[in-house]
Amino acid sequence: WMQASFTLNQPATIYFLGRQVTWTDSDGLFGGVAALVLCRQRPTGASPAISIYAGSEVGDDSNFTLNTYGVLTVIYNGASSFLGVNNNVGATLNAGANVMGGMTLGANQDTTASSNIQVKEALIYSAAHTTAQITSVVTYLQEVQAGGAKRGNWKTYRQMRGRR
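Residues numbered from 1 in each chain as written. Predicted model: local features only at pLDDT ≥ 70, side-chain atom pairs only at ≥ 80, totals over all residues. Heavy atoms only, no water.

1. A few points about the layout of surface pockets
Turning to step 1, where the next piece is worked out: Empty space within the largest pocket amounts to approximately 210 Å³.
Turning to step 2, where the next piece is worked out: Lining the largest pocket are 16 residues, and of these Phe82, Val89, Thr130, Thr131 and Ile134 lie nearest its centre.
Turning to step 3, where the next piece is worked out: Elements with a minimum of two residues in the lining of the largest pocket: strand S7 (70-76), strand S8 (81-85) and helix H1 (131-146).
Turning to step 4, where the next piece is worked out: Counted by class, the lining of the largest pocket contains four nonpolar, twelve polar and no charged residues. (1 Å grid on protein atoms, 1.4 Å probe; cavity = no way out; pocket = protein on both sides within 12 Å on 5 of 7 lines; lining within 4 Å. Points joined across faces, edges and corners; volume = space filled by probe spheres on them. Helix = DSSP H or I, 4+ residues; strand = E, 2+ residues; numbered from the N terminus. Nonpolar A, V, L, I, M, F, W, Y, C, P; charged D, E, K, R; others polar.)

2. Remarks on the sheet that holds S8
In any sheet, the strands associate via hydrogen bonds between backbone groups, in a parallel or an antiparallel arrangement.
Turning to step 1, where the next piece is worked out: The five strands lie next to each other as S9-S8-S7-S2-S11, forming an open sheet whose pairing is antiparallel. For this open sheet the edge positions go to strand S9 (91-93) and strand S11 (117-125), each flanked by a neighbour on one side alone. Pairwise comparison of adjacent strand axes, ignoring direction, gives a mean angle of 15° for this sheet.
Turning to step 2, where the next piece is worked out: Across the sheet, H1 is in contact with strand S2 (12-20), S7, S8 and S11; its angle to S2 comes to roughly 25°. (Pairing = 2+ DSSP bridges. Axes fitted to C-alpha atoms, helices over the stretch in contact; angles between N-to-C directions. Contact = heavy atoms within 4.5 Å.)

3. Notes on the packing of aromatic side chains
How two aromatic rings sit relative to each other is given by the distance of their centres and the angle of their planes.
Turning to step 1, where the next piece is worked out: Under the defined criterion, the tally for this structure stands at three aromatic pairs.
Turning to step 2, where the next piece is worked out: Aromatic side chains phenylalanine 16 and phenylalanine 30 sit 5.7 Å apart centroid to centroid with 35° between the ring planes, which places their arrangement in the tilted category. Of this pair, phenylalanine 16 sits in strand S2 while phenylalanine 30 sits in strand S3 (residues 28-31); the two residues are 14 residues apart in sequence, bridging distant segments of the chain.
Turning to step 3, where the next piece is worked out: Phenylalanine 30 gets classed as buried once you look at its relative accessible area, which sits at 0%.
Turning to step 4, where the next piece is worked out: Arranged with centres 6.1 Å apart and planes meeting at 65°, the rings of phenylalanine 16 and phenylalanine 64 form a pair that is edge-to-face. One end of the pair, phenylalanine 16, is in strand S2; the other, phenylalanine 64, is in the loop between strand S6 (57-61) and S7, with 48 residues separating them in the sequence. With respect to burial, phenylalanine 16 and phenylalanine 64 carry one shared label: buried. (Phe/Tyr/Trp six-rings, centres within 6.5 Å; stacked < 30°, edge-to-face > 60°. Buried < 20%, exposed > 50% of the residue type's maximum accessible area, 1.4 Å probe, protein only.)

Structure, rendered in structure tokens:
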């Protein structure tokens, strides 16, 4: 796991391009540092589901297939929080008002529940992204995964958004 403390309040948008190699109930994919804010694995039948927490645990999205790369989109924004996988519709949820205060990648905030994941990109924004912005970034990250865009090639990202 990796952890860094920095100012990160709500609203915050996080994009995660990676995969769950294996899973264990309640292992954290990523979370905050200052308070319990996390995106974690939960059991739902044969496949784990992803939930988010910032005071209230919500979500249970089972579209993040085990051992397959995908893009998680998480917006922590109180009653307007959001959890989506790839370009699926996703859900607006009330995850609570805890603030992240930084980022822990590969575990929960106190690093007691680490996960077996592989991460290609993690993007953090200190704003709640719109549906159009989410679609643009998720499309870019899917191109990164497919090998069609180079990681860090923001020119490609800007072109997808209609900027040169």
